[in-house]
There are 2 protein chains.
Amino acid sequence: MAESFSIGDLARRTGIKVPTIRYYESIGLMPEPDRTAGNQRRYGRDALDTLNFIAHARAFGFPMKSVHHLLDIAAHPERPCEDIDALVAERLIEVEMRISGLTRLRDELSGLLAGHEHGTVGECRIIEAFSDHSLCAPGHKHDLPME
Amino acid sequence: MAESFSIGDLARRTGIKVPTIRYYESIGLMPEPDRTAGNQRRYGRDALDTLNFIAHARAFGFPMKSVHHLLDIAAHPERPCEDIDALVAERLIEVEMRISGLTRLRDELSGLLAGHEHGTVGECRIIEAFSDHSLCAPGHKHDLPME
DNA sequence: ATAGGGCCTCTAGTCACTAGAGGTTCAAGA
DNA sequence: TCTTGAACCTCTAGTGACTAGAGGCCCTAT
Ligand SMILES: [Zn+2]
Ligand SMILES: [Zn+2]
Ligand SMILES: [Zn+2]
Ligand SMILES: [Zn+2]
């Protein structure tokens, strides 16, 4: 007879917490599993694979919407896989933009620290910089879309 | 007589949206302003300064908790400014860790794209990699605390 | 005096979970 | 077989940092 996993088994094997698995089911990411007579969820091997796939896609930083999309694609082995490329390329661009924004931010922050000597708040260069853009970096502006 | 700004004036001058200003007030980040006879908020120049300070700190990526802290510190010009250093240094470390995590991620994503040829989903290397850690990068694991 | 844009409060929605209450079921040991 | 207690169930609410909408009042310029 086929393997059968409780929700806790799945959690232990995938590292995804039990409430999160139920949440994934509630948003339609995981199919509804069979139940025991006492209404507890029982999963098969395929659910385990799906959950690992989800965990892996999330680890790559894909938002849930893309994970949905990826699962849909993966469910049809005979179709062409070109959409995958687009999704991964899109994610790569996001990550690169994020890196360059954060790199600018890193430079600004270390610039603040570099020019800093301990004194009173009233004389503090860092506080001054927070109060006035023109002091925090020459000709500078913050245009990160938010982190 | 002193300058007086409506909440919309503040929004235009700081780039922070009106509901956000009300939200900041609700969480105690901005003091409660005076009101007109008709119950509308009227701000002075100090509120404008505070709001600009908040916007700037947020642009540096500080979470609200730290913004609170920074405002508290800035409100006491005679005290020593050493806590500022700690806050900025902490933020810098976060940013650096984030950059290194994202850099690894970038390399993995471009690795996936590099080895990819269009075919069917069933043969797709990228889908395979999502299904199996051992294929997505040799000896690799994803341990980003979450983006 | 009236039009209409700005302002008010309150509620609910976002994303991806997480925590808790209060109750039921399963499985292992006696 | 019975008992215990860990694991499971559903449902609600909370997180952070806002954003959107409903329904209604105010302010100011013409
Ligand atoms: Zn200082
Ligand atoms: Zn600045
Ligand atoms: Zn492919
Ligand atoms: Zn992997």
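Going by the annotation in an unreviewed UniProt entry, the name recorded for chain A is MerR family DNA-binding transcriptional regulator, with Pelagibacterium lacus given as the source organism.

Our focus in this paragraph is the domain arrangement of chain A. Residue and element names in this part refer to chain A. Domain assignment breaks chain A into domain 1 (7-74) and domain 2 (82-135). Taking only C-alpha atoms into account, the centre of domain 1 sits 36 Å from that of domain 2. Taken together, the contact between domain 1 and domain 2 spans seven residues of the former and five residues of the latter. Between domain 1 and domain 2, a total of about 570 Å² is buried, with carbon and sulfur atoms accounting for 75% of that surface. The tally of links between domain 1 and domain 2 comes to zero salt bridges.

This part covers the interface of chain A and chain B. Bring the parts together and some accessible area is lost; that lost area is often taken as the interface size. Taken together, the contacts link 57 residues of chain A with 57 residues of chain B. Note on chain A versus chain B: buried area summed over both sides is about 4,900 Å², and carbon and sulfur give 76% of it. Linking chain A to chain B there are zero salt bridges. Where chain A meets chain B, there are 14 residue pairs in polar contact (both at pLDDT 80 or more). At the level of elements, α3 (45-59), α4 (64-74), α5 (82-114), α6 (125-131) and α7 (133-136) of chain A are the ones that each hand at least two residues to the side of chain A that touches chain B. Ranked by residues supplied to the side of chain A that touches chain B, first place goes to α5 of chain A with 20 residues.

What counts, and where the lines are drawn
Positions within a chain are numbered from 1, following the residues in the order the chain's sequence is written. Chains and ligands are labelled sequentially in the order written, the chains with letters from A and the ligands with numbers from 1. Reporting in this predicted model follows two pLDDT cut-offs: at least 70 for local features of residues, and 80 or more for side-chain atom pairs to be given and counted; totals over whole chains, interfaces and linings ignore these cut-offs and use all residues. Only hydrogens and water are removed before side-chain values are computed, so all heavy atoms of the structure are retained for them. Residue ranges assigned to the domains are those given by an automatic or database domain assignment. In what follows, residue pairs with any heavy atoms lying within 4.5 Å of each other are defined as contacts. As used here, buried area is the combined drop in accessible area, with a 1.4 Å probe, of two parts when they are placed together. Between Lys or Arg on one side and Asp or Glu on the other, a salt bridge is scored when a side-chain nitrogen of the former is within 4 Å of a carboxyl oxygen of the latter. Any pair of N or O atoms that falls within 3.5 Å is considered a polar contact. Within protein, one atom must be able to donate a hydrogen and the other to accept it, and sequence-neighbouring residues count only if both atoms are side-chain atoms. Secondary structure follows DSSP: runs of H or I at least 4 residues long count as helices, runs of E at least 2 residues long count as strands, and numbering of each begins at the N terminus.

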